[in-house]
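Summary of structural features
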Amino acid sequence: MTRLIAGVIFLLISFCGIAVGVRDIVGDVLRLPSEASRFFRPGKFNDDNSDDDSSGTRWAILLAGSNGYWNYRHQADVCHAYQLLRQGGLKEENIIVFMYDDIADNPENPRPGVIINNPQGEDVYKGVPKDYTGPDVTVGNFFAAILGNKTALTGGSGKVVDSGPNDHIFIYYTDHGGPGVLGMPTNPYLYADDLIDVLKKKHASGTYKSLVFYLEACESGSIFEGLLPQGLNIYATTASNAEESSWGTYCPGEYPSPPPEYDTCLGDLYSVAWMEDRYESDIHNLRTETLHQQYELVKRRTSYDNSPYGSHVMQYGDVGLSKDDLFQYMGTNPANDNYTFVEENSLRPHSKAVNQRDADLVHFWAKYRKAPEGSSRKVEAQKQFVEAMSHRMHIDHSIKLIGKLLFGIEKASEVLNTVRPAGQPLVDDWVCLKTLVRTFETHCGSISQYGMKHMRSLANLCNAGIVKEQMAEASAQACVSFPSGSWSSLHKGFSA
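What this report covers is the structure whose coordinates are included nearby.

Conventions used here
All chains use their own residue numbering, which begins from 1 and follows the written sequence. At least 70 in pLDDT is required for a residue's local features to be given in this predicted model, at least 80 for side-chain atom pairs to be given and counted, and no such filter applies to totals for whole chains, interfaces and linings, which use all residues. In computing side-chain properties, one takes all heavy atoms of the structure into account and sets aside hydrogens as well as water. Elements are defined by DSSP. Helices are runs of H or I of four residues or more, strands are runs of E of two residues or more, and each kind is numbered from the N terminus. Counted as salt bridges are all cases of a side-chain nitrogen of Lys or Arg within 4 Å of a carboxyl oxygen of Asp or Glu. Remark: exposure states derive from per-residue accessible area (1.4 Å probe, protein chains only) relative to the maximum for the residue type, with buried under 20%, exposed over 50%, and partly exposed in between. One requirement defines pairing of two strands: DSSP has to find at least two bridges between them. Orient the strands so they point away from the viewer; a crossover is then right-handed if the path from the first strand over the helix to the second runs clockwise. Working definition: a ring pair exists when centres of Phe, Tyr or Trp rings (six-membered ring for Trp) sit within 6.5 Å. Plane angles under 30 degrees give stacked, over 60 give edge-to-face, the rest tilted. Ring-over charges, as used throughout, are those where CZ of Arg or NZ of Lys falls within 6 Å of the ring centre and within 35 degrees of the ring normal. Within this scheme, the nonpolar core is defined by two criteria: the residues are buried Ala, Val, Leu, Ile, Met, Phe, Trp, Tyr or Cys, and they are joined through side-chain atoms within 4.5 Å. By definition in these notes, contact holds between two residues if any of their heavy atoms fall within 4.5 Å. Every axis in this analysis is a line fitted to C-alpha atoms, fitted for helices over the stretch in contact. Angles between the N-to-C directions lie between 0 and 180 degrees.

Before going further, it helps to spend a moment on unusual backbone geometry. Cis geometry marks the peptide bond from N187 to P188, where omega comes out at 5°. Looking at where P188 falls in the secondary structure, it is placed in the loop between β7 (181-182) and β8 (190-191). Phi is positive for D101, which is not a glycine, with a value near 65°. Take D101: it is sitting in the loop between β4 (95-98) and α3 (139-147). The backbone of E219 shows a phi angle near 50°, a positive value even though the residue is not glycine. Positionally, E219 belongs in the loop between β9 (210-216) and β10 (234-238).

Below, the structure is given as structure tokens:
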């Protein structure tokens, strides 16, 4: 027990020491400053979908792909997006919401029944439909909703995108990710090749005029890089390129920080950038502001002049669609129809943010710091932090060791860390990638949300010709055992 406590103290000190290099620490407070911002303001629903011949019907799918209170921000993002679309005139029956729904009434939530997306924000949870929640937030149901295939659904409200050839579709997905993969609160995860196949099927069905996809996740550019062809009438933007993390914002210790009772990040940088731009109601006329204009504003705010606390927003597919007005996909506030786009009125970027993959550690640290000495809450926070760190070290070590076993000490790092040239997909054989993921998890435990960062290394094994049998032998040698905590557990099944 003494050794365990000493180890915990070492981990906490190490974490703080790392943070000192990139964040300000005042006393025992982890400082994560950011620039001031304008905030979401509540308004009445327009409820006018403007289903005329020129615009068609607007449809939307909003998906938060995580669960757990430390991932508060993803469901907050989706709830905020729902409120904006409703205020823009989209009808409730045309907006399909996927979220685990374990945040609003979570015992950790200091405001029961309420979710906010920025420090001064109003409740964005009220009125959000619970179309697909809990175990119904699955890849299969998401794909069925896109395709309008009710017979393929398992659970949920049954709502799907029942669109026609003149309709416009907006898809917004926010979660953890990794090269070629997006997280889900259930298994399996969503792989890029499967998503692209579904989008191609949707196009082949002739049931939309144009589709816009906004994606918030680490390495989110890899979902479309070299995979999304032109000619599908699909325009996608991503929070990051194919090689970098995306960022959480409004986190404990930032300025502006969450209200003091919160110990978790409230939003994601790219997501709040497009939504807070979308809701600058005093200056933005979405009948005249284009997707491209919003893309440029969001890109500027999210990268913050290539700051280490930002990422590079990317665009893919039929970029020519970016000349379309936002109104066609998100609706607009009629009170702003006389305004014109003014670039100088864009929101100021945050000065700092938190790497998405570290947001859970920030939560556990804030929870540990604020809990009374000797309390069960402090013990729980300590346990959560240790388990998360143990899982991370296990995954990192296992991948590196497997590489050395397969390629030797000198060559392993080169193979595992190779990044393909821009324009090429992550991997040539996606079946191989999924097979190696399952093989790794069989011997080494779940990769979980953190382990998705290593998906490029596993893809590189496929690109180098490694097959299942070789991977199984190396994994068995590398992972004699794996941590017993929830992060490594396979109780939810395999991620591929």
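Additional details are given in the paragraphs that follow.
Applying the stated criterion across every chain yields a total of 18 salt bridges. Of the charged contacts in the structure, one is a salt bridge between R377 and E108, with a shortest N-O distance of 3.1 Å. Pair noted here: R377 is in helix α9 (residues 376-407) and E108 is in the loop between β4 and α3, with a separation of 269 residues, a long-range link. For R377, a relative accessible area of 31% gives the class partly exposed. A salt bridge links K367 to E380; the nearest nitrogen and oxygen atoms lie 2.9 Å apart.

A word on the pairing of β4. Residues I95 and V97 line one face of β4 and the alternating positions I96 and F98 line the opposite face, and both faces are buried. Strand direction decides the pairing type here: strand β3 (residues 58-64) and β4, joined by 4 bridges, are parallel. The residue bridging I61 from the neighbouring strand is I96, located in β4. Tracing the backbone out of β3, into helix α2 (residues 72-87) and back to the parallel element β4 gives a crossover that is right-handed.

With that settled, the discussion passes to the packing of aromatic side chains. This structure, assessed with the given rule, holds 16 aromatic pairs. Seen in terms of ring centroids, F224 and Y316 are 6.1 Å apart; in terms of plane orientation they differ by 35°. Their pairing is tilted. Here F224, found in the loop between β9 and β10, pairs with Y316, found in strand β14 (residues 314-317); they are 92 residues apart in sequence, far enough to count as distant. Comparing F224 with Y316, the two get one shared label, buried. Among the aromatic residues, those joined into a cluster by ring pairs are F98, Y132, F142, F143 and Y173. The residue whose ring lies beneath K378 is Y368, and the NZ or CZ to ring-centre distance is 4.2 Å.

Turning next to the sheet that holds strand β6 (residues 177-178). Sheet strands pair by backbone hydrogen bonding; their relative direction is either parallel or antiparallel. In space, the 3 strands of this open sheet follow the order β6-β7-β8, with antiparallel pairing throughout. At either margin of the open sheet sits one strand with a lone partner, and together these are β6 and β8. Here 2 bridges tie β6 to β7, and the two strands are oriented antiparallel to one another. Following the sheet pairing, G178 is matched in β7 by V181.

This part takes up the nonpolar core. The nonpolar side chains of a soluble globular protein tend to be buried, and buried together. Ranked by size, the top nonpolar core spans 71 residues in total, and within it F142, F213, F224 and L433 carry the most contacts. Broken down by element, this core gets its largest block of residues, 7 residues, from helix α11 (residues 430-444). With sequence-adjacent residues up to four places away left out, F142 is seen in contact with I61, L63, F98, I171, Y173, M184, L190, L195 and F213. Listed in part, the 46 residues of the second largest apolar core include A60, Y69, I95 and L266.

What the 6 strands build is an open sheet, ordered β4-β3-β5-β9-β10-β14; its pairing is mixed. This sheet does not close on itself; its edge strands, each paired only once, are β4 and β14. Strand-to-strand twist across the sheet, computed as the mean angle between neighbouring axes with direction ignored, equals 10°. In this fold α2 packs onto β3, β4 and β5 (168-174), with an angle of close to 165° to the strand it touches most, β3.

Within β5, 7 of the 7 residues are buried, leaving the element largely enclosed by the surrounding structure. Neither face of β5 is left uncovered, since the one carrying H168, F170, Y172 and T174 and the one carrying I169, I171 and Y173 both have all their residues buried. By the bridge criterion, 7 bridges tie β3 to β5 in an arrangement that is parallel. Bridging across to β5, I61 finds its partner in I171. Note: β5 against β9, 7 bridges, orientation parallel. Along β9, the bridge assignment pairs Y172 with Y214.

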